[in-house]
Amino acid sequence: AEAALYFSGNRLLAGSEPAAHCYCGHQFGSFAGQLGDGAAMYLGEVLGPGGERWEIQLKGAGLTPFSRQADGRKVLRSSIREFLCSEAMFHLGIPTTRAGTCVTSDSKVIRDIFYDGNPKSEKCTVVLRIASTFIRFGSFEIFKPIDEYTGRKGPSVNRNDIRIQMLDYVISTFYPEIQEAYSDNSIQRNAAFFKEITKRTARLVAEWQCVGFCHGVLNTDNMSIVGLTIDYGPFGFMDRYDPEHICNGSDNTGRYAYNKQPEICKWNLGKLAEALVPELPLEISELILEEEYDAEFEKHYLQKMRKKLGLIQLELEEDSKLVSELLETMHLTGGDFTNIFYLLSSFSVDSDPSKLEDFLKNVTSQCASVEELKVAFKPQMDPRQLSMMLMLAQSNPQLFALIGTKANINKELERIEQFSKLQQLTAADLLSRNKRHWKEWLEKYRVRLQKEIESVSDADAWSTDRVKVMNANNPKYILRNYIAQNAIEAAENGDFSEVRNVLKLLENPFQEAEGFEEVKEDAEEEGASAAAAACAQETRSRLPYCRKPPLWASELCVT
């Protein structure tokens, strides 16, 4: 009860000096001016036993000086998603902020979840967030003069003294080795810092791509100055592999789609570079960005992918092509990104036809069915609206540019074509086609694994090591949207056992969940009311947590 008082913001921790952080940001490519923590309240720093510093803040505790027209509150739905995902990312080994507690109450606020004029009442919830720092790229954009496109400016224009103070703090506190190495030359020091955050960001986004994680809102104010995953909003782990997957229902142009994340993070680093002038001249930072980012991303991405494929002995130039062809095969067959990678450790290198047939059966079971593909490619525009847009594109391109994009129209036309083809496709035809695609790629994979075997003296030891490395890099469990949704629905009915259940699962993402039913029963006995427990019985979470999502999951929309 006492912990709930402190971590809901109703009682102040000793020594705490609450404050809200002021920052700016480029949102969806445009400078938005002053933003700041509209719902987060910094409490202070805690020193850990090893001397490490942890900044703690409450998210959703109420109004701050930067709440603007909002109320500073967060709701149970979004708080559970943030709580579970920050912990999931940590246990996947990806740099992230952490979640310490999640406190909910009977207080309610009104939220229009889909911005469609259908608001609903939701319970207020507060999350304790933990990180070494919550300073972002946007923290340095408070000095930005008037933006030529939006006419907005930062609140601290011409305050270079504050920029120097912030750089001194960030580098000496979080990059002490750089501070020590360049203590007598601030330009060199700042260049070394920019080089390091460039490389950290490149490695971070490479890690995201390798687990199919989409952030959803990669604005400059959501980019950490120490290379952490920060600000969990409309994020999503990709199920069926689609390079153009958009997890944020309000990202109409697909700016933050899965395949755009690497280039967007590079663009954001460019905005950070602009924000560091004059303390780091642009010609120096731009050169660093061009020389370091792409090379670091490609290197880290390929290293991680080799581990996911069990290529532990040799580093061959052809590996990059093998990865690309795997992803292309996944795309063609609608393969489940997580489950197919997880399955690959059971692929047998020998060319026994019966073993190959068994494996093909397993891998094709993780591909999209005709029904799933019909849902995925269902046209989204009214035919009359599409017809009007196509005529407008011809007759008045300038007006068309204001209300629609060519890419969106092309995508819709592609969707219509695919949907039309699916009407004639039988399940047997699809299975046959998928088997053919996978057989082709698996033969290339087998040849590549054979080269590994030829380079070692003990094939059995290599095989054991290969499986071990693969199982440590290909998660069995991720926070799929439907899993989070089941936990949210139970919690909204007063039963938090499913949230605890899922958290326990995500703490061991690479391992088989042993005794998982017992965990669930214990959690339910912990205090869920009879009504809430009955609701939990009805929940759709009867599905195994590692299976590809059910059809109803395609209707889930996160904004």
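Residues numbered from 1 in each chain as written. Predicted model: local features only at pLDDT ≥ 70, side-chain atom pairs only at ≥ 80, totals over all residues. Heavy atoms only, no water.

K.L.:
Help me understand the domain arrangement of the protein chain in this model?
P.N.:
The figure often quoted for interface size is the accessible area lost as the parts come together. What the domain assignment lists for the protein chain is domain 1 (160-303) and domain 2 (314-455). Computed over C-alpha atoms, the centres of domain 1 and domain 2 are 30 Å apart. In this complex, domain 1 contributes 16 residues to the contact, which on the side of domain 2 involves 15 residues. Across the domain 1/domain 2 interface, buried area totals approximately 1200 Å², and carbon plus sulfur atoms make up 59% of it. Of all residues in domain 1, R240, Y241 and L302 bury the most surface against domain 2, accounting for 49% of the area lost on that side. Seen at the junction of domain 1 and domain 2, the total is one salt bridge. With a shortest N-O distance of 3.5 Å, E244 and K411 are connected by a salt bridge. Where domain 1 packs against domain 2, one counts three residue pairs in polar contact (both at pLDDT 80 or more). Elements with a minimum of two residues in the side of domain 1 that touches domain 2: helix 5 (186-211) and helix 7 (282-309). Considering each element in turn, the side of domain 1 that touches domain 2 owes the most residues, three residues, to helix 5. (Domains from an automatic or database assignment. Contact = heavy atoms within 4.5 Å. Buried area = accessible area lost by both parts, 1.4 Å probe. Salt bridge = Lys/Arg side-chain N within 4 Å of Asp/Glu carboxyl O. Polar contact = N/O pair within 3.5 Å; in protein donor to acceptor, adjacent residues only side chain to side chain. Helix = DSSP H or I, 4+ residues; strand = E, 2+ residues; numbered from the N terminus.)

K.L.:
Looking at this structure, how should I read helix 3 (residues 160-174)?
P.N.:
Because each turn of an α-helix spans 3.6 residues, side chains separated by three or four positions end up pointing in the same direction. Relative to the 21 Å expected for 15 residues at 1.5 Å per residue, helix 3 spans 21 Å between its end C-alpha atoms, a close match to the ideal helical length. All buried positions along helix 3 are accounted for by N160, R163, M166, L167, V170, I171 and F174. The buried side chains of helix 3 occupy one side of the element, clustering within an arc of 115 degrees when seen end-on. (Expected span 1.5 Å × (residues − 1). Buried < 20%, exposed > 50% of the residue type's maximum accessible area, 1.4 Å probe, protein only. Arc of directions from axis to C-beta.)

K.L.:
Explain unusual backbone geometry to me, please; I cannot follow it from the model alone.
P.N.:
With the exception of glycine, most residues fall at negative phi, and the peptide bonds are largely trans. With an omega of 10 degrees, the peptide bond running from V277 to P278 counts as cis. Structurally, P278 can be placed in the loop between helix 6 (261-275) and helix 7. Its identity is not glycine, yet F28 carries a phi of approximately 50 degrees, on the positive side. Position of F28 relative to the elements: it lies in the loop between strand 1 (24-27) and strand 2 (30-34). Judged by relative accessible area, F28 falls into the partly exposed class, the value being 36%. One non-glycine residue with positive phi stands out, namely Y115, at about 55 degrees. Along the chain, the position of Y115 falls in the loop between strand 6 (98-111) and strand 7 (120-131).

K.L.:
What is the right way to read the pairing of strand 2 from this model?
P.N.:
Side-chain direction in a regular strand flips from residue to residue, so the side chains alternate between the two faces of the sheet. Across three bridges, strand 1 lies against strand 2 in antiparallel orientation. Across the sheet, residue C24 finds its bridge partner in strand 2, namely Q34. Where strand 1 folds back on strand 2, the antiparallel hairpin that results is connected by two residues, among which F28 adopts a positive phi of roughly 50 degrees. (Pairing = 2+ DSSP bridges.)

K.L.:
Please clarify how the packing of helix 12 (residues 383-395) against helix 14 (residues 406-424) should be interpreted in this entry.
P.N.:
Two numbers describe how helix 12 lies on helix 14: the axes approach to 11 Å, and their chain directions differ by 135 degrees. Put simply, helix 12 runs oblique to helix 14. Of the two possible hands of crossing, helix 12 and helix 14 adopt the one that is left-handed. Contacts from L386, M389 and L390 in helix 12 reach I409, E412, L413 and I416 in helix 14. Considered class by class, the residues forming the contact of helix 12 with helix 14 number six nonpolar, no polar and one charged. (Axes fitted to C-alpha atoms, helices over the stretch in contact; angles between N-to-C directions. Parallel < 35°, antiparallel > 145°, perpendicular 65-115°, else oblique. Left-handed = near helix turned anticlockwise from the far one by under 90°. Nonpolar A, V, L, I, M, F, W, Y, C, P; charged D, E, K, R; others polar.)

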